[in-house]
Amino acid sequence: MMNQKNLIKISALFLYIFFIVLSFIFKFNMGKQIGYNFAGFFLHMFKLLPCVFILIGLFDVWIKKEVIEKHLGKDSGVLSYLWALLLAGPIAGGLLPAFPIAYSLFHKGARLSIVFTFIGAAAVCRIPMTLFEASFLGIKFSLIRLAISIPLVILSSIWLGNYLEKQDYQIMKG
Amino acid sequence: MYILYITTGLALLISFIADSNKTIKAVLIAFEKLVKILPALLSMLIAISIVLFLVPDTVISSFLGSDNKFFSVFMASFLGSITLMPGPIAYPLCGILLKQGVSYMVVSAFSTTLMMVGILTYSIEKEYFGRKITILRNLLSFLIALIVAFIMGVVFGELL
């Protein structure tokens, strides 16, 4: 079944490809630049994502639901936030790989506030990124940023988690 | 990047030695999940390629260097939200901005929104967590970035 929304998306995709191809044939700079941007990011993604998804797959088959529930689930304590920060620390590549990982954590029984803490931490306190940041902007800058953003991430995650649980919000099962 | 490859390779190897059936299942799950997210990934890549063309580095530096601090912070967090850059590109750019005399407050607003707020990754995030969570999380992150920027301004003596 092809609904109208998909039809629009597919036509837009073909229009885009058509535009890029024509731009390269007729040496139209704007289109070429957009084409290069696409290729650059495409390569960046596909150097990263297959590994991320393989690790998610391994996580899925090896880690028992009870383990995640016990450490990151509803009855886990304050330590679970530390776990979320530590899990996010070594992640490479920012939010994008963090979303599917967070999604897997959720379906293994992690509670919502932990899932959001994990996503926020993957954004603000990844170790490789922070080292990079410190070398360009100074250690003082990085330390202040971490000291402010980590507590704010945890607090906002708790609030968002509680708010959604009160509303009985459901994330679709996958 | 190499660490990721080595980790993945080792994890696969150990898993395969421990239980080959489970490992094959894991790879199938990985493949299935990757394929499922491909359409959203494709629309994100198209959006990125267009936005990066419309907002090149030169535009970013010219907007953030403005004399009006609050306008600059606003522009910085706006530009940080609508663009997407990997760290190895973003931080050198932030370093250049600092050298050009852009304040720490503005640089922090830009880099923090860049990392936390993803309008371009909206299609992906929505695919996993739904529209409502995605919008709320991004709004909260935007707010956090503003608070971080404000405190940076105070600490580095650019405000007050």
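For clarity, every value in this text was computed on a predicted model and none was experimentally measured.

Visitor: Would you mind going over the overall build of chain B in detail, with residue names and values included?
Guide: Along chain B, the regular secondary structure elements total 7 helices and 0 strands. Overall, chain B shows an N-to-C arrangement of helices and strands of α-α-α-α-α-α-α. The C-alpha atoms of chain B give a radius of gyration of 20 Å, which is well past the 15 Å a tight globule of 160 residues would have. In terms of overall dimensions, chain B has C-alpha extents of about 65 × 30 × 30 Å along its principal axes. Here chain B holds 160 residues, and the buried ones make up 52% of them. Contacts in chain B between residues far apart in sequence, at least 24 positions, make up 72% of those at least 6 positions apart. Within the structure as shown, chain B displays about 7700 Å² of accessible surface, and the carbon and sulfur contribution to it stands at 75%. On chain B, the mean spot of the 10 positive side-chain charges and the mean spot of the 7 negative ones are 8 Å from each other.

Visitor: Which residues make up the pattern of salt bridges, and what values do they have?
Guide: Tallied over the full model, the rule gives 2 salt bridges over all chains. A salt bridge links Glu-133 of chain A to Arg-145 of chain A; the shortest N-O distance between them is 2.5 Å. One end of the pair, Glu-133 of chain A, is in helix α7 (residues 127–137); the other, Arg-145 of chain A, is in helix α8 (residues 139–166), with 12 residues separating them in the sequence. For the pair Glu-133 of chain A and Arg-145 of chain A, one class covers both residues: buried. With a closest N to O distance of 2.4 Å, Arg-137 of chain B and Glu-125 of chain B form a salt bridge. You can call Arg-137 of chain B buried: its relative accessible area is 5%.

Visitor: So what about the layout of surface pockets? Which residues, and what values?
Guide: When its volume is computed, the largest pocket comes out at roughly 1400 Å³. Pro-90, Ile-91, Ala-92 and Gly-93 of chain A together with Leu-4 of chain B are the residues nearest the centre of the largest pocket, which is lined by 44 residues in total. Ranked by residue count, the leading element in the lining of the largest pocket is helix α2 (residues 29–62) of chain A, at 9 residues. Among the residues forming the lining of the largest pocket, the class breakdown is 34 nonpolar, 8 polar and 2 charged. Each of two domains, domain 1 (1–53) and domain 2 (63–174) of chain A, supplies a minimum of three residues to the lining of the largest pocket. Of the volumes computed, that of the second largest pocket is approximately 570 Å³. Lining the second largest pocket are 15 residues, with Asn-6 and Lys-9 of chain A together with Pro-39, Ala-40 and Ser-43 of chain B sitting closest to its centre. For the lining of the second largest pocket, the elements supplying multiple residues, two or more each, are α1 (4–25) of chain A together with α2 (20–54) and α7 (122–155) of chain B. In terms of residue count, the dominant contributor to the lining of the second largest pocket is α1 of chain A (7 residues). Here the lining of the second largest pocket is composed, by residue class, of 8 nonpolar, 3 polar and 4 charged.

Visitor: Residues and numbers for the environment of Pro-97 of chain A, please.
Guide: Residues and elements named next belong to chain A. Summarising the element assignment, Pro-97 is placed in helix α5 (residues 95–107). Accessibility expressed as a relative area gives 0% for Pro-97, which makes it buried. Between the C-alpha atom of Pro-97 and that of Leu-49, which follows or precedes it by 48 residues, the distance is 6.8 Å. Residues in contact with Pro-97, not counting those within four places in the same chain, are Leu-48, Val-52, Ile-91 and Ala-92.

Procedures and definitions
- Residues numbered from 1 in each chain as written.
- Chains lettered and ligands numbered in written order.
- Predicted model: local features only at pLDDT ≥ 70, side-chain atom pairs only at ≥ 80, totals over all residues.
- Heavy atoms only, no water.
- Helix = DSSP H or I, 4+ residues; strand = E, 2+ residues; numbered from the N terminus.
- Rg over C-alpha atoms; globule rule 2.2 N^0.38 Å.
- Buried < 20%, exposed > 50% of the residue type's maximum accessible area, 1.4 Å probe, protein only.
- Contact = heavy atoms within 4.5 Å.
- Areas by Shrake-Rupley, 256 points an atom, 1.4 Å probe, with all protein chains shown as cover.
- Lys, Arg positive; Asp, Glu negative; His and termini not counted.
- Charge placed at Lys NZ, Arg CZ, Asp CG, Glu CD.
- Salt bridge = Lys/Arg side-chain N within 4 Å of Asp/Glu carboxyl O.
- 1 Å grid on protein atoms, 1.4 Å probe; cavity = no way out; pocket = protein on both sides within 12 Å on 5 of 7 lines; lining within 4 Å.
- Points joined across faces, edges and corners; volume = space filled by probe spheres on them.
- Nonpolar A, V, L, I, M, F, W, Y, C, P; charged D, E, K, R; others polar.
- Domains from an automatic or database assignment.

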